[in-house]
Structures are given as C-alpha cells and as structure tokens.
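One letter stands for each residue in the lines below.
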Amino acid sequence: MAEEKGKVVKLEKKKKVVDPVEASIDIATQEMIVRSQELGIETVFDRALSMKPCNIGIQGTCCKNCAMGPCRLPLPKGGIEGEDERKGLCGATANTIAARNFARMVAAGAAAHSDHGRAVAEVFMSAAKKETDAYKIKDTVKLVAVAKELGVATTVEVDGEVLDRDLDEIAVEVGEVALNEWGKPEGELIYLKRAPKARYELWKKLGVLPRNIDREIVEIMHRTHMGVDQDYKNLVKQCTRASLADGWGGSMLATDLQDILFGTPSPLQSEANLGIMKEDHVNIIVHGHEPVLSEMIVAVADSQEMVDYAKEKGAKGIQLGGICCTANEILQRHGVPPAGNFLQQELAIITGACDAMVVDVQCVMQNLANVAKCFHTKLITTHPIAKMEQDNVIHIEFDEHHALEDAKRIVKMAIDNFANRGAEVMIPQYKSPLVAGFGVESIQYHLGGSFRGSYYTLNDNIINGRIRGVAGVVGCNNARQQHNNATLTIIKELIKNDVLVLTTGCNAITCGMHGLLTPESAAVYAGPGLAEVCETVGIAPVLHLGSCVDNSRILLAATEVVKAGGLGNDISEWPVAGSAPEWMSEKAISIGQYFVTSGVYTVFGGLLQTTGAPVFQKYLFEELEKIYGGMWDMVVDPVEHAHKMIAHIDKKRKELGIDKARERVLMDMASRQALDV
Ligand code: NFS
C-alpha cells in the first residue's frame, strides 16, 4: 500500500486467471495482464472468465420493473413453435419486456450523453457571463456559426447600418438558448433542422421529433414503469425520440459548445498505448468524459510552475495521458496521448507508475479503487454525481468557479506522490504514432473542394468509385470479447474494400494503438481506390473524429455529403453504414438507435440483448428499414460483420446507379487501355 513504500501488496491469488493472448490482441495489454497475475491482482479480464453473464438477462427477457418479479422469460431450447405464450405475472410478453429493457438502455445512454452536454452548457454560460477566469471562449468563428443555427442574432442595426454584434452578448444568448433545449415547454429541438430536409420531414411525418431532451428521457422511464406502454412498436418510437434528442440534441450541443470553449480540433500528431507513460516523469492519467475538468488539468500540468515543481521533486517532467473519452477530448485538442481504452484502465495503475488517476463520469470501473490500493496511486474522483465507496479514494470536487485551483491541487498531489512510487514499476514499451483531430470542418478541408466549400471531392470519389462508401465504426471494448480484435478486423476489412472509416470513442483509441490512424497505413491496408485518395490528399484511411458525444460530427458529415449533391437526398440514400464491434455501454444503444433512425444501417458485434424476443428483434432488424431506411443488425463474426456492411454499401451504390463506375475505376491499366481502343 502507499504507506509501505516500495512494496506491492499482493492480493490472494485467484485460481482462475485469464489467458492474456485470448484476452487481448494488444501486446502491451497482454504484458500487463501477465504482470497483474504475477502480482496477484485481479482485473476485469479475470472476472470475465470466472463470472458468466446471466443467460436470461443476455436475452433481454428478465423483467424486474416491479416487485412481483423478477419475471424471467428465456427462449425455450429449440425456439418457439406456434404461438409465443410466455408471459410475466402481469401478462407482459417477451416483446414488451425486451423492448422495455432496450428502451431503458436508450434512456440511460441518452441521459449520460445529454447530462454531459448540460454540464458543458452550464460552464459555457459561466464563461459567457465572465463568472470564471478559468474558461474563455476560444473559437469565436464557431460561436457565430452556432449562434446562427440557434437563431441568435449575430448582427445589430445601428442608425440604419448593420454592425457585428458584441461577442459576449452573443455568447450569453447562445448559452441561454442551448440550456433551454433540455427543458423548454413547447416546440421541438432546434438542431433537428440541421438534418437533410427529407430526413427532418420524415421524422415530422412519423411524429418522432423530440420536444426537449429531458422530457424524452423521462417519458421512457414513465412508459416502462409497470403497466404503462405494452406495445413494443410504440416503445421503439419513444426510443427514437430520446435517441434523436441525444444525437441531434445533447451530444451535438456538447460537441459544439466544447469546440467554442476549448477550440475546434484540427489534425495533429500524437501516439497511443500504455507505453506513453514515462518512468522518470510524474504520470497523471485523466479518465472519464467531460473535458471541463481535463482541460484545466492540461493547462496546469503544462505550466512552468508545475513542471519546475515536478523537477524539484526528482521527476524529469509531467506526463499526462488519457483513458476513454477524456483521452479523446484532450487528444483532439491538445495532442495529449491516450494511455489506453476502456479495458486498459486498471492496467494503467498496475504499471506502478501512475501517480494519480483523476476520474469524472462514465465508464470508470469501481475496481480501480481495489487496484489502486495495491500501489501508491492516488485515485481522485472529482464529480458530485460520481463518487466511490472505497476509503482509499480521494474526492476533490471540481467546480468551474475555482477550476484552476482545483486542478492545481490535483496536479500537485500527483507530483508529491511521485516520491512514494514503489520499486515495482513496469511500463510496457509499446505505443504507436497517430494523427487525430478530425471534424466536419477538417474533412471538408482535406476532402472538400475549396472552390465549392463543400464535400464535393469526397462525393466525387464516392461517385467515381475510388471510395466505395463510408463507415462510422464506433464504441467500446467489452471483456466478453477479445480486446481490440473485432474492431481491428472489421476496420481492416472495410478499408481493404475501399470503405473510408470515421471513428470515435474507445474504438478510435484502438485504431491509434494499432497504427491505423497514420497516412502511411493507407498503402499497407487500404484497397487501391481508397489508398489513391488517401495518398493524394495525405490522410489516413481511418479518421479520428473524437469522443462518443462527437458521433454528432458523423451525423453532420453524413449530412454534408447529402448537401454536396449527387448522392441522393437523404442519409439513407448514400452508401454509408455504422458499426459498434465491441460495444458494452448503454450509450452505445442510444447511439445505435439514432444512427438507425437517421437512416444508417448499423451493425453491432457482441450480443444485443434482444434475442429472447424474436418478434421485437425482427422489428429492429427488418421492419425499421421500411420506416427509416436504416436498421439494426447483429453479427458477431468480424469478417462477416464487415461484409454485411459492404453489402449494404453496394446495395446503396446500385440504387443510386453508381455501381458500374466502381467497376471501371478499379480496372487495371491494361484493361482501361483495352477499353479505350
Ligand atoms: Ni463511448 Fe466514451 Fe469508451 Fe464506450 Fe465508454 S469511454 S462515451 S461508452 S467505453 S466508447
């Protein structure tokens, strides 16, 4: 423990330990799993082996929404023949139960993203009103652009002359309008009109335009209470409202306001994996989601005062690293390297070189506290809604009104802790270079036409077939699957087949760790058409668009393609597909639902908890396509997963009549010459 300097406390060794190679394809992770086992420290990988998931829960047919249950309705072995007579005590069918469980996942996911957005909006408001010195508006161009989208006046008429309005005034009004989106009493979310016109009109016709963010989430909780909505189709309709309120509401506002406050990302270089930690530096790992905290830690850790203080304490400097989406936020804007993705969080502490791990909200495993107990690591929670019960966890509540002081206290605590390191430091020496920092604007810059100021070049390359289509591959890791394997296999298969990949979340970190985010990777992994485009414009075949709330960037990029012309009038018409190969979080379900209802065919790896209710599952997988042009799917085998996406892309190419163009462009020179004569 920390008091016993230089000595690692060994926990009682569990008998069942995981095979590191079966657990992960990443060598750094494998080495650290071996290390954890040498030290007798249990991790999520070992627990996944010793604890199997509940067979009924995994089918989505366990109902615990009232105290007459839990009622359990597993699918009988051999399936159902004839009428499905399964029902809970109240008579709830398997479809009702699975749909209610699914809806509650959407609600939780949409709530998590949107509450993140609300927190950003509140800090934005403090900054706009100049109540804090720590946060200032960085991107005034985006402020004005967003103001226009939100209906805030950006000019003022004085004596018949039109003048630019004061930026501070604009910012306060943007903050007010934005915050109102969570609870306005009437109307609909403003950003829905950013979608292609045809999509907006479809939502309107179907009656699924979200009214305000909070209401749609609350309504799911009401409808799924005992004895309310007992029609799976009607429940899915509410899932659509809540998920659209996430993707085109809470998440999109989070992205925009973060860009205005902290800067809109643009391409930059960095590296990823546990090897970014340095033995002779103070290592601070920030983990969670809201950049409100991590931005301050970055600023303070970069300050000369703190660097000097670290040197005074015997370190060569301060190395910051990130885990999960916090990693993505500070990577995109500052180039701070990710130390790992979701499943590597415990391992960062097991290096013995993590002087402080600072966490806020979401995807933070409670076992971090047990692991931290075995080392000198200070585990610091910072958010009032996310504390831990273990007594070795320190809580330093972070508040925008004294943000810099809080950050300073945390960084200083980490520096002071450097001297308490034990002898047993082991940092795996693996990291990969990467380029990150893409967004709607930078894709336009790289793949757009400066002349038209749109996605013209991207569209042109899709139409001529060099780029077969685009895939958004996003989401988590899941200890029930081999870490990073499905993600990597799917993405390699996609780019090999000329599909340009946009990625976010832990998925993006996986791509970084395995070298897919460098322009050089195009020549190695991409098909001839995609490689040619990547080499011409100098981009990687996989573009990192940020954290999971930044999936809103994928929605807007997909909309820009529609606007640029030549590929149909709606997102559902052009060759695009979505994927979450290793999903685990409820947020992924909300994302899946808004991808689907925005018109995207979306495939999940791992198991969706819908298999116990085949009729409901069929509704998601087949019927939704007739309504929204997009639908869910679940394919566990990664190669098959990628090929179902490619088949959908080809189907859309055919519908647009551009399937022949691709055949032409991929002919070799000899066949082209033969054609010319
Ligand atoms: Ni997305 Fe980000 Fe990672 Fe999954 Fe968790 S960090 S918000 S939920 S695990 S990708």
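Residues numbered from 1 in each chain as written. Predicted model: local features only at pLDDT ≥ 70, side-chain atom pairs only at ≥ 80, totals over all residues. Heavy atoms only, no water.

S.K.: Whenever I open this one, the UniProt feature "binding site: [Ni-4Fe-4S] cluster" (unreviewed entry) in the protein chain confuses me. Can you help?
M.R.: Mapped onto the present numbering, the UniProt feature "binding site: [Ni-4Fe-4S] cluster" (unreviewed entry) falls at His289, Cys325, Cys363, Cys476, Cys506 and Cys548. Maximum C-alpha separation among the annotated residues is 13.3 Å over a sequence range of 260 residues, consistent with a single clustered spot. Relative to the helices and strands, His289 is located in the loop between β6 (282-287) and α10 (291-301). Judged by its relative accessible area of 5%, His289 falls in the buried class. When near neighbours in sequence (up to four residues on either side) are disregarded, His289 contacts His116, Cys325, Thr326, Glu329, Asp360, Val361, Gln362, Cys363 and Lys587. Within the element layout of this structure, Cys548 appears in the loop between β15 (542-544) and α22 (551-564). On the basis of relative accessible area, Cys548 is assigned to the buried category, the value being 12%. Apart from the residues lying within four places of it in its own chain, the contact partners of Cys548 are His113, Cys325, Thr504, Gly505, Ile591 and Tyr594. (UniProt positions renumbered as here; feature names shortened; annotations may be inferred. Helix = DSSP H or I, 4+ residues; strand = E, 2+ residues; numbered from the N terminus. Buried < 20%, exposed > 50% of the residue type's maximum accessible area, 1.4 Å probe, protein only. Contact = heavy atoms within 4.5 Å.)

S.K.: What exactly am I supposed to notice about the sheet that holds strand β8 (residues 338-340) here?
M.R.: Whether parallel or antiparallel, the strands of a sheet pair through hydrogen bonds between backbone atoms. A sheet is described by the order of its strands in space; here six strands give the open sequence β8-β7-β6-β9-β10-β11, paired in parallel fashion. Each edge of the open sheet is held by one strand with a lone partner, namely β8 and β11 (393-395). In this sheet, neighbouring strand axes are inclined to one another by 30° on average, regardless of whether the strands run parallel or antiparallel. Pairing of strand β7 (residues 318-323) with β8 involves two bridges; the strand directions are parallel. Residue pairing for β8: Gly322 is matched across the bridge by Pro338. Docked against the sheet, helix α12 (residues 324-334) engages β6, β7 and β8, running at close to 125° with respect to β7. (Pairing = 2+ DSSP bridges. Axes fitted to C-alpha atoms, helices over the stretch in contact; angles between N-to-C directions.)

S.K.: Any chance you could explain the UniProt feature "binding site: [4Fe-4S] cluster 2" (unreviewed entry) in the protein chain here in plain terms?
M.R.: When the UniProt feature table is mapped onto this chain numbering, "binding site: [4Fe-4S] cluster 2" (unreviewed entry) sits at Cys63, Cys66, Cys71 and Cys90. Taking the farthest pair of C-alpha atoms as the criterion, the annotated set spanning 28 residues converges on one region, since that pair is 10.7 Å apart. Here Cys66 shows up in the loop between β1 (62-63) and β2 (71-72). Classification of Cys66 by relative accessible area gives partly exposed; the value is 30%. Within the secondary structure, Cys71 sits in strand β2.

S.K.: Explain the pattern of salt bridges here, please?
M.R.: Between side chains of opposite charge, a pair can form when the charged atoms approach closely. Counting across every chain of the model gives 41 salt bridges. The residue Glu424 makes a salt bridge to Arg35 at a minimum N-O spacing of 3.5 Å. Taken together, the residues span a long stretch of sequence, with Glu424 in the loop between α15 (403-417) and β12 (432-436) and Arg35 in helix α2 (residues 27-38) at a distance of 389 residues. Look at the salt bridges and you will find they share partners, linking Lys142, Glu149, Arg194, Asp256, Asp259, Glu329, Arg333, Glu441, Asp550 and Arg553 into a network. (Salt bridge = Lys/Arg side-chain N within 4 Å of Asp/Glu carboxyl O.)

S.K.: In this structure, what is going on with the nonpolar core? I would like to understand it.
M.R.: Within soluble globular proteins, side chains that are nonpolar generally end up buried alongside one another. One finds Tyr135, Val174, Trp248, Leu494 and Trp632 to be the most contacted residues of the largest nonpolar core, which totals 178 residues. A total of 17 residues in this core trace back to one element, the largest contributor, which is helix α4 (residues 94-128). If sequence neighbours within four positions are ignored, Tyr135 has contacts with Val123, Ala127, Leu261, Phe262, Val292, Met296, Phe398, Glu400 and Ala403. Ranked by size, the runner-up nonpolar core spans 39 residues in total, among them Ala23, Leu39, Ile276 and Cys506. (Core = buried A, V, L, I, M, F, W, Y, C linked by side-chain atoms within 4.5 Å.)

S.K.: Help me out: how do you make sense of the coordination of the nickel atom of the ligand in this one?
M.R.: Six octahedral donors around a metal ideally sit at 90 or 180 degrees from one another, while four tetrahedral donors ideally sit at 109.5 degrees. Inspection of the coordination sphere of the nickel atom of the ligand shows a single protein donor, Cys548 (SG), at 2.2 Å. Around the nickel atom of the ligand, the four donor atoms sit at angles spanning 91 to 164°, and that spread fits a shape best called irregular. (Donors = N, O, S within 2.8 Å, 3.2 Å for Na, K, Ca; no water. Tetrahedral: all angles 85-135°; square planar, octahedral: opposite > 155°, others 65-115°.)

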